[in-house]
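Single-letter residue listing:
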Amino acid sequence: MPDILLETERLLLREIIEADATDLFEMDSDPDVHRYIYNQPLKQIEEQYKMIDMLQQQYRDYGIARWAVVDKLNGECVGWAGLKFFPEPFNGHQHFYELGYRFKQKHWGKGYATEAGKAIVDYGFTQLNTDNLYAMTDVDNAASQHVLGKLGFRFIEVFEDENGRPINWYALDKQHYNKEK
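The structure displayed is predicted, hence computed values, not measured ones.

Conventions we followed
- Residues numbered from 1 in each chain as written.
- Predicted model: local features only at pLDDT ≥ 70, side-chain atom pairs only at ≥ 80, totals over all residues.
- Heavy atoms only, no water.
- Helix = DSSP H or I, 4+ residues; strand = E, 2+ residues; numbered from the N terminus.
- Rg over C-alpha atoms; globule rule 2.2 N^0.38 Å.
- Buried < 20%, exposed > 50% of the residue type's maximum accessible area, 1.4 Å probe, protein only.
- Contact = heavy atoms within 4.5 Å.
- Areas by Shrake-Rupley, 256 points an atom, 1.4 Å probe, with all protein chains shown as cover.
- Lys, Arg positive; Asp, Glu negative; His and termini not counted.
- Charge placed at Lys NZ, Arg CZ, Asp CG, Glu CD.
- Arc of directions from axis to C-beta.
- Salt bridge = Lys/Arg side-chain N within 4 Å of Asp/Glu carboxyl O.
- Pairing = 2+ DSSP bridges.
- Axes fitted to C-alpha atoms, helices over the stretch in contact; angles between N-to-C directions.
- Polar contact = N/O pair within 3.5 Å; in protein donor to acceptor, adjacent residues only side chain to side chain.
- Expected span 1.5 Å × (residues − 1).

Scanning the protein chain from terminus to terminus reveals 5 helices and 8 strands. Secondary structure elements of the protein chain, listed N to C terminal, follow the sequence β-β-α-α-β-β-β-α-β-α-β-β-α. Taking 2.2 N^0.38 as the reference for a compact globule, 181 residues should give roughly 16 Å; the C-alpha atoms of the protein chain span a radius of gyration of 16 Å, in line with that estimate. With the C-alpha coordinates aligned to their principal axes, the bounding extent of the protein chain is approximately 40 × 35 × 35 Å. The buried share of the protein chain, taken over its 181 residues, is 49%. In the protein chain, once contacts between residues fewer than 6 apart in sequence are set aside, the share between residues at least 24 apart is 57%. A total accessible area of about 9,600 Å² is found for the protein chain, and carbon and sulfur atoms account for 47% of it. The protein chain carries 20 positive and 30 negative side-chain charges, and their two centres are separated by 4 Å.

Here we come to helix α1 (residues 21-28). An α-helical turn contains 3.6 residues, so any two residues separated by three or four positions project in the same direction. Within α1, burial applies to Ala21, Leu24, Phe25, Met27 and Asp28. Mapping the buried residues of α1 onto a view down its axis gives an arc of 160°, with all of them on the same face.

Turning to its location among the elements, Gly100 is positioned in strand β5 (residues 96-103). Here the alpha-carbon distance between Gly100 and Ser144, two residues 44 residues apart in the chain, equals 9.5 Å. When sequence neighbours within four positions are dropped, the list of residues in contact with Gly100 reads Arg66, Trp80, Ala81 and Gly82.

What follows covers the pattern of salt bridges. Inspection of the entire model under this criterion finds 12 salt bridges. Across the pair Lys106 and Glu26 runs a salt bridge, and its minimum N-O distance is 3.4 Å. Of the two residues, Lys106 is situated in the loop between β5 and α3 (112-126) and Glu26 in helix α1; the sequence distance between them amounts to 80 residues. Among the salt bridges present, the one from Glu76 reaches Lys106, with a minimum N-O distance of 3.4 Å. Residue Glu76 is located in the loop between β3 (66-71) and β4 (77-86), and its partner Lys106 is located in the loop between β5 and α3; the two are separated by 30 residues in the primary sequence. Taken together, the salt bridges that share partners define one network made up of Asp23, Glu26, Glu76, Lys104 and Lys106.

Quick look at the sheet that holds β5 now. Hydrogen bonds between backbone groups are what pair the strands of a sheet, and the pairing can be parallel or antiparallel. Taken in spatial order, the 8 strands of this open sheet run β1-β2-β3-β4-β5-β6-β8-β7, and their pairing is mixed. Either end of the sheet is taken by a strand with one partner, and the two such strands are β1 (4-7) and β7 (154-160). Taking each pair of neighbouring strands and ignoring which way they run, the sheet shows an average axis angle of 30°. In terms of strand pairing, β5 meets strand β6 (residues 132-138) through 3 bridges, oriented parallel.

Here the focus is the side chain of Asp161. With respect to the helices, strands and loops of the structure, Asp161 is situated in the loop between β7 and β8 (166-173). Here the side chain of Asp161 touches Asn163 through a polar contact of 2.9 Å, landing on its backbone nitrogen.

Further remarks concern helix α2 (residues 45-62). A rise of 1.5 Å per residue sets the reference length of α2, with its 18 residues, at 26 Å; its end C-alpha atoms lie 26 Å apart and thus fit the reference within 8%. All of the buried residues along α2 are Gln48, Ile52, Leu55, Gln58 and Tyr59. Taken down its axis, α2 places every buried residue within 115° of arc, on the same side. In α2, the exposed positions angled more than 90 degrees off the buried face are occupied by Lys50 and Arg60. In this structure, the buried residues of α2 make contact with β2 (11-15), α1, β3 and β4. Looking one or two places after α2, you find Gly63, whose phi comes out positive at around 80°.

Right under this line is the structure:
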């Protein structure tokens, strides 16, 4: 097992490994989980292994990617959360970290996104020493927007993605974050 990177009251966060494929496939094959993320649910577990390989490459290239979120009580990987580094220009920004999270539907409404998000935001500002964090949601994803608000992110604008779909853009700066602590 990889090292635990962050720990909260109920959760452990660590790098995603191949042993997480079954749990992540349960999540990523669910059409409801993909409702607001504009991609198709996975059909075969081999697709999940490709996603894990991509994340492991991001760990090697940038030292960070989404992390497995593991329930401390039973060891289940309930989803993923973490920061993604964007080296290329995106929505007028470059070389930035974006907060994201995704959980199995059976774990929605348990506060895992907020709990993991608080630890990840703290990590971004204290360990990565970044000045800003960003996040984005579908304009209709009220649950995710609510989580970002609880984490202190401010709505900045609606922008269109590469396919012309409207996306909400959020930001949290280190100065504002420190005031919230």
